[in-house]
Amino acid sequence: MLLFISVFLEARITQLQSDVVVSVQHAKVHFLKARSHGKDASSGVGPSAALQGKSDIPKSGQTSSTGAKKSQTSRWIQKLNREENSKHFKWKQQKNVKEKQASQPQGNKSTSLLSGTTNKTPSKMNKKGKGTVPSSAAAAIVESTEQAEGGACGDIQQSICSYLEACTFIGNLDHANKVLLNHHRVMSRRTHLNTAAYNIIMRIWAKQKTLSNVGRIFILLEEAGLKPNLGSYAAALECMGRNAECPVNVIIRCLNQMQEDGLLIDDLFSRCVFRQDERDMILKAIRVVLPEYEPQLNSQTNEGYSSLIKDFYTQREDHKYPKLAFTQLELQERFKHQLSVEQACTVTIDSVESAKPVTKHMANMRKLLAAQRTNWHKVLLQALKERKMIMSTNVRDYRLNLYPYLCLLEDREYVDIMMQSVANLPPSGESLKILARDLGNRVYTKYFVRQKEQSQTLEKLGNIYNAYTELVAKDEYDVLPREYWCKLESNQSIGPTLQGSETSWPYIVTLELGTCLVDMMVKNLKINGDILNPAYDRKAIPILYHMYTFRSTRQIGFIKPHPILTQIQQEATETKLTFDSYVMPMVCPPVPWTSVKFGAYLLTPTKLMRTVDGATQHERLLEQCQNIHPVLDSLNQLGNCAWKINKTLLDIIISIFNDRGSEKLDIPPPLSEAPKIQHFNRQDNSITLTEKAHLKREVMNARKKCNEMHSVRMDALYKLSIANHMRDKIFWFPHNMDFRGRTYPCPPYFNHLGNDVTRAILVFAEGKPLGPKGLDWLKIHLVNLTGLKKRSSLVGRLEYANSIMKEILDSADKPLNGKKWWMNADEPWQTLACCMEIANAVRSSDATKFISHFPVHQDGSCNGLQHYAALGRDVIGAKSVNLMPCDMPQDVYSGVAQQVEALRVRDARSGLKVAKVLEGFISRKVVKQTVMTVVYGVTRFGGRLQIEKRLKEIDEFPKDHVWEASHYLVRQVFNALKEMFTGTREIQDWLTESARLISKCGHTVQWVTPLGLPIIQPYHRARNQGLSTTIQHINLQITHDSKERPDTVKQKNAFPPNFIHSLDSTHMMLTALHCYSAGLTFVSVHDCFWTHALTVDTMNKVCREQFVALHSQPILQELSDFLLQKYCSQPPNSGPLEIKLLCIELK
């Protein structure tokens, strides 16, 4: 014990003495420099400007530093004497819990862990007598203190943590320690530190076995008024485990102090994240005291599920989960390939344009471009080295700058990232913020992967995944992928944890790093001006220009390529495309989502919930959630669906793409088909002002058209090139969701949520026989794709399909040279794919045994209105959206169009001119978009714009009546919907008014879905934040700052559609889970469900059952109860708000 006390007392004396001397010296230097040089001009990283606030330094005329030194020294000496002679520490209760400041210690030191840590025992606050706080309560305390920070302060804390981790990663440990100490010594900067920042430095000392320095950090925590958390104790125990000479009583006191703080030993292993051998060292230290100790990890239980989903987890006797048609060895080889792709972070593939014949001019342009890129690579490499050299000499002890972030990767990797951005820059240019964000994100992704490699998680990931393949390769299994992965991870708990503890970079850090790279590109990348035309003077000109343009009323920075670069790139028609690895589908089954922070890709960082850049409130809310297993399992089910390419159709599409495209078939033409921009001399006096204005408009329209054509052409090129790259492979789309719970594939370009072309070339990797009704479902699906027979029954659609079999077979056999019947369908490419599938089936020896990979769709009938009709028990509305039995399928869009037409006829008879003009023009297509989106909150203004666009598409409609006609029609559409759906508007009004009252009282609207997913609307008043960079000053509008007041208008307008979206996603997830348990292949495009033709009937049955089950719950009553409990039970505003909400509550 004496050894332990002396070690930490000696460390404390050293620290206190250095604190006094350094702080005084720092004050003098800072004071003198401020007088001679004025304000510091360093830009800092992210919110570093906020870290440069006024320090506690005496100014001229104030009390001198000498006096402060004397008083401070005597105070600390007295405190040290008390600590040395004390035997017990007792604490006074605090009345103000928010301050969380410990009282002065008394009693014996023997019950403490480290010198200085005993002054902090928040677990004993507001308690009588002794005892410990349960681990859940301790977790709540940690979460409330660590996670409650939001807005600018939260960004600063996150910036400091990411900076310290970057310094640690590059081995600059001394600088990381100095940054922490210098922030700690000045009160104004100390407030920007949280426990996580101290823990980062503590882990450094733990690796170096310096127990005294670990104790010193505990002292700093106490001085900062912060409570040591599990990470703090984990670092201390790790250091003790590494130190073979650590006394046993030191470990005992550490464990006792943990217990006093309400933390259990098992919490270390269930809630902490470990790197390398940290877990083993902690366990080694604990086993010195408890030789038989084995960590008891929290087991996955079936408790906490809502009644809606409880039977799914408790009654599994009849579950038959679908298997993957691969051997375990094949899946393991796929894992190795996917791992290598993600380690490289980029993938280079062949462009589908490479099939074009290479002309001599094209070859010359490619050679020229390759030579220029080689030169640019060297130039950027030298510029990066010079920039880093300058930054390294300007590093200060407390300032955060970009230097560590520019050392995380090899120099060539930064240059490769910059060169990739130059190659992908569109001719029209890109916003500086978007370009900088993408560059910063690419650096972060590579850094994240390198952290995984450094923490030695790859070997463990490989072992667990190899064992996981044993489950998914089985014919039958009765455990969910998430459950099996968690079991494997707990069985292989030795070593690092797969869920990393890496701090994500704040948006402002990513942005500033990106702007630094953009600045280097703009200043250093040049090309000879006469490279294409020797007649010009030979002069080096920049290939990128920084300029300003207007977006709406805001002036923004813009990076635009020089026309010479654009011309070379277009004429070269390069054969290779480079993508980030996450853009490509996975070639092995995704890692199942097991927690908020782990799942999907093997190494690439992926968020469970998509959010606005910089928003963190969603993640905090999810981490506090007790049980979201149903949500995770549904995402895993969607991601486990294997896909392959319809190669026959892909080849047809590529041939049209490489020819001249087809506007009718949604294949964008090449830029050679773009309108020519006619330049004219604005100084030419022979041209009148009117003619000049007309020519100027034509030039602007031509440029706009060229930019649009380039955008859609490149989008199609990316999708088709990725599909062609995957043509002989089987692949998977990992999924995540937005804040409302709507699910999306993670790969952004090529997925089944794409357009008609993309959906047509995707088929299930697994094939199933058609069975007795499968061929009929293929035919019905074909008719649905054509857009015909909307009001016909299923029998009527089947009869129609049988009557046009000649056209179907002709389309399949001669798609480009036959009658081309398929080209007139609403979804022509999916129609053609279905024609080919039907032709193959009917020509097989037995259609019932024909193996089909084709996905058959079942689309909802205006799904939003279905939910509103069910919520309001609206019989008339329910019938119009097929929730009630009918002889013929109902089409709500046609129904609204008919009702609007009836109103038009009445008004025309009354002599209304616009009603007469609209005769013959009111159709399903004109009103469909407005009817579909009115349920999601579209206003009359937005609805008018939608109808206006549809009317302009009708060539015969008189253009001078478009504005008046759209006004008239949107009014009639809203009136028709109000008559058809009586309860819908009442529910919308209640939701809107509730959100208005909640946001007026300063709260954001939150609710919980029936599956337990917490949802919060991220709409706050904008906060302007400036970022000064070397290229320009960027003004950021932060709209997700949880410290700002809610945006009342957005909160109230968005609540009804977001609530319906959350119900829609809940129904989809329920359907996905129950289809999965029935052995079905199932994917969704929001409210459109896909499966094999064989299992359509089963899927339809599950879909209806789950819709009924969902709306059998008291959804509106539970929402009302939740809002009343959350927003009306807390002072000081509980009275008025509670009364108002009760008044509008649905009974």
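Bear in mind that the values here come from a model prediction, so they are computed numbers and not experimental data.

Run through the overall build of the chain, naming residues and quoting values.
If you tally the helices and strands in the chain, you get 42 helices and 23 strands. With 1147 residues in all, the chain has 55% of them scored as buried. Of all intrachain contacts in the chain linking residues separated by at least 6 positions in sequence, the fraction that spans at least 24 positions is 75%. Put simply, the chain shows about 51200 Å² of open surface, and 51% of that area lies on carbon and sulfur atoms.

With reference to specific residues and values, describe helix 27 (residues 771–786).
Taking 1.5 Å per residue, 16 residues should reach 22 Å; helix 27 reaches 24 Å between its end C-alpha atoms and fits that length. A large share of helix 27 lies buried, amounting to twelve of its 16 residues. Those residues of helix 27 that fall on the buried side of the exposure criterion are Gly771, Gly774, Leu775, Trp777, Leu778, Lys779, Ile780, His781, Leu782, Val783, Leu785 and Thr786. Against strand 15 (768–769), helix 28 (794–803), helix 29 (805–813), helix 30 (828–842), strand 17 (855–859) and helix 40 (1096–1111) lie the buried residues of helix 27.

Provide a residue-level description of the confidence of the model for the chain, including the pertinent values.
When the pLDDT values of the chain are averaged, the result is 81; 83% of them are 70 or greater. In the model, residues 1–149 has pLDDT below 50 throughout and makes 233 contacts with residues more than four positions away in sequence or in other chains. Predicted confidence is poor over residues 1131–1147, with pLDDT under 50, and the contacts of this stretch with residues over four places away or in other chains come to 30 contacts.

Report on helix 24 (residues 647–659), specifying residues and quantitative values.
The terminal C-alpha atoms of helix 24, which comprises 13 residues, lie 18 Å apart, in line with the 18 Å expected from a rise of 1.5 Å per residue. Restricting attention to buried positions, one finds in helix 24 the residues Leu649, Leu650, Ile652, Ile653, Ile654, Ile656, Phe657 and Asn658. On its buried face, helix 24 is in contact with strand 10 (642–645), helix 25 (689–725), helix 26 (756–760) and helix 30. Just downstream of helix 24, Gly661 is the residue with a positive phi angle, here 70 degrees.

Describe the packing of aromatic side chains, and please don't skip the residues or the numbers.
The geometry of an aromatic ring pair is captured by two quantities: the separation of the ring centres and the angle between the planes. All chains considered together, the criterion is met by 33 aromatic pairs. Between Phe739 and Tyr1019, the ring centres sit 6.3 Å apart and the planes meet at 85 degrees, which makes this aromatic pair edge-to-face. Linking Phe739 in the loop between strand 12 (735–737) and strand 13 (743–745) with Tyr1019 in the loop between strand 19 (1014–1016) and strand 20 (1023–1028), this pair joins segments that are 280 residues apart in sequence. Ring plane angle 65 degrees and centroid distance 6.2 Å describe the contact between Trp1007 and Phe1059, whose orientation is recorded as edge-to-face. Of this pair, Trp1007 sits in strand 18 (residues 1006–1008) while Phe1059 sits in helix 39 (residues 1048–1077), and the two are 52 residues apart along the sequence. Note on accessibility: Trp1007 and Phe1059 belong to one class, buried. By way of ring pairs, the aromatic residues Tyr163, Phe169, Tyr405, Tyr444, Tyr447, Phe448 and Trp505 are connected into one cluster. Sitting above the plane of the Phe657 ring, Arg713 keeps its charged end 3.6 Å from the centroid. Taking NZ or CZ as reference, Lys1126 lies 5.9 Å from the ring centre of Tyr1127, over its face.

Can you lay out the packing of helix 35 (residues 924–934) against helix 37 (residues 962–980) for me, pointing to particular residues and giving the numbers?
It is at 11 Å that the axes of helix 35 and helix 37 come closest, and there the two elements cross at 55 degrees. Between helix 35 and helix 37, the angle is such that the two are oblique. Crossing angle aside, the handedness with which helix 35 passes helix 37 is right-handed. Taking contact as the criterion, the partners of Val926, Val927, Thr930, Val931 and Val934 in helix 35 are, on helix 37, Leu969, Val973, Phe974 and Leu977. Taken together, the residues of the contact of helix 35 with helix 37 sort by class into eight nonpolar, one polar and no charged.

Lay out the environment of Asp1097 in plain terms, naming residues and giving numbers.
Mapped onto the fold, Asp1097 is located in helix 40. Measuring from C-alpha to C-alpha, the distance between Asp1097 and Lys773 comes to 8.9 Å, with 324 residues separating the pair along the chain. Dropping the residues within four chain positions of it, Asp1097 is found in contact with Lys773 and Trp777.

I'd like a description of the sheet that holds strand 11 (residues 731–732), backed by residues and values.
Ordered in space as 11-10-14, the three strands form an open sheet in which the pairing is antiparallel. On the outer flanks of this sheet lie strand 11 and strand 14 (762–764), each paired with one strand and no other. Here strand 10 pairs with strand 11 via two bridges, running antiparallel. Bridging from a neighbouring strand, Trp643 pairs with Phe731 of strand 11.

An account of the sheet that holds strand 23 (residues 1088–1092) is requested, with residue identities and associated values reported.
Sheet architecture is open: three strands sit in the order 17-23-22, paired in antiparallel fashion. Only two strands of the sheet have a single neighbouring strand rather than two, namely strand 17 and strand 22 (1083–1085). For this sheet, the mean inter-axis angle between neighbouring strands, taken without regard to orientation, is 30 degrees. As paired strands, strand 17 and strand 23 are joined by five bridges and run antiparallel to one another. In the sheet register, Gln858 faces strand 23, and the bridge partner there is Phe1089.

Break down the environment of Asn466 for me, citing the residues and quoting the values.
As for its position among the elements, Asn466 is in helix 18 (residues 458–472). Asn466 gets classed as partly exposed once you look at its relative accessible area, which sits at 25%. For Asn466 and Glu333, which are 133 residues apart along the polypeptide, the C-alpha to C-alpha distance reads 9.5 Å. Among all residues touching Asn466, those that are not within four sequence positions of it are Gln328, Gln332 and Phe335.

Account for the pattern of salt bridges, with residues named and values stated.
According to the stated counting rule, one finds 45 salt bridges in the structure shown. For Arg482, the salt bridge is made with Asp633, and the minimal N-O distance between the two is 2.7 Å. With a gap of 151 residues between them, Arg482 in helix 19 (residues 481–491) and Asp633 in helix 23 (residues 629–639) connect regions that are remote in the sequence. Grouping residues by exposure puts Arg482 and Asp633 together as buried.

Requested: an account of the nonpolar core, with residues and values cited.
Within the largest apolar cluster, 128 residues are counted, with the highest numbers of intra-cluster contacts made by Leu602 and Phe1059. When near neighbours in sequence (up to four residues on either side) are disregarded, Leu602 contacts Phe335, Gln338, Leu339, Glu342, Leu461, Tyr465, Met586, Cys588 and Val591. Membership of the second largest hydrophobic core comes to 108 residues, among which are Ala197, Leu230, Leu237 and Ile1031.

Please provide a residue-by-residue account of a nonpolar patch on the surface, values included.
Taken together, the side chains of Val248, Ile252 and Val288 define a hydrophobic patch exposed on the protein surface, amounting to about 220 Å² of accessible area. Of note, Val248 is situated in helix 10 (residues 248–260). Judged by its relative accessible area of 42%, Val248 falls in the partly exposed class.

Quick rundown of the pairing of strand 1 (residues 346–350)? Include the residues and the values.
Covered by surrounding structure in strand 1 are Val347 and Ile349 only, the residues Thr346, Thr348 and Asp350 on the alternate face being uncovered. By the bridge criterion, five bridges tie strand 1 to strand 7 (residues 576–580) in an arrangement that is antiparallel. Within strand 7, the residue paired with Asp350 across the bridge is Lys576.

Describe the packing of helix 9 (residues 230–242) against helix 12 (residues 278–289), listing the residues and the values that go with them.
The geometry of helix 9 relative to helix 12 is characterised by a closest axis approach of 7 Å and an angle of 75 degrees between their N-to-C directions. What the angle tells us is that helix 9 and helix 12 run roughly perpendicular. Contacts between helix 9 and helix 12 involve Ala234, Leu237, Glu238, Met240, Gly241 and Arg242 from the former and Glu278, Met281, Ile282, Lys284, Ala285 and Ile286 from the latter. Among the residues forming the contact of helix 9 with helix 12, the class breakdown is seven nonpolar, one polar and four charged.

Would you mind going over the side chain of His1111 in detail, with residue names and values included?
Within the element layout of this structure, His1111 appears in helix 40. A relative accessible area of 6% places His1111 in the buried class. A distance of 3.0 Å separates polar atoms of two side chains, one belonging to His1111 and the other to His867. Setting aside chain neighbours within four positions, we find His1111 in contact with His867, Ala870, Leu871, Arg873 and Leu1063.

Help me get a handle on the side chain of Thr786, residues and values and all.
Mapped onto the fold, Thr786 is located in helix 27. One polar contact links the side chain of Thr786 to the main-chain carbonyl oxygen of Val783, over a distance of 2.5 Å. At a separation of 3.2 Å, a polar atom in the side chain of Thr786 contacts the main-chain amide nitrogen of Leu788. Once you skip the residues sitting within four places of it in the chain, Thr786 turns out to touch Trp821, Ala825, Asp826 and Thr831.

How would you explain a positive patch on the surface if you had to name every residue and give the values?
Side chains of Lys560, Arg682, Lys696 and Arg703 sit close together on the surface and give a patch of like positive charge. With respect to the helices, strands and loops of the structure, Lys560 is situated in strand 6 (residues 554–561).

The rules behind each value
Residues numbered from 1 in each chain as written. Predicted model: local features only at pLDDT ≥ 70, side-chain atom pairs only at ≥ 80, totals over all residues. Heavy atoms only, no water. Helix = DSSP H or I, 4+ residues; strand = E, 2+ residues; numbered from the N terminus. Buried < 20%, exposed > 50% of the residue type's maximum accessible area, 1.4 Å probe, protein only. Contact = heavy atoms within 4.5 Å. Areas by Shrake-Rupley, 256 points an atom, 1.4 Å probe, with all protein chains shown as cover. Expected span 1.5 Å × (residues − 1). pLDDT = per-residue confidence, 0-100. Phe/Tyr/Trp six-rings, centres within 6.5 Å; stacked < 30°, edge-to-face > 60°. Lys NZ or Arg CZ within 6 Å of the ring centre and 35° of its normal. Axes fitted to C-alpha atoms, helices over the stretch in contact; angles between N-to-C directions. Parallel < 35°, antiparallel > 145°, perpendicular 65-115°, else oblique. Left-handed = near helix turned anticlockwise from the far one by under 90°. Nonpolar A, V, L, I, M, F, W, Y, C, P; charged D, E, K, R; others polar. Pairing = 2+ DSSP bridges. Salt bridge = Lys/Arg side-chain N within 4 Å of Asp/Glu carboxyl O. Core = buried A, V, L, I, M, F, W, Y, C linked by side-chain atoms within 4.5 Å. Patch = residues over 30% accessible without salt bridge, like charges linked within 9 Å, V, L, I, M, F, W, Y side chains within 5 Å. Polar contact = N/O pair within 3.5 Å; in protein donor to acceptor, adjacent residues only side chain to side chain. Lys, Arg positive; Asp, Glu negative; His and termini not counted. Charge placed at Lys NZ, Arg CZ, Asp CG, Glu CD.

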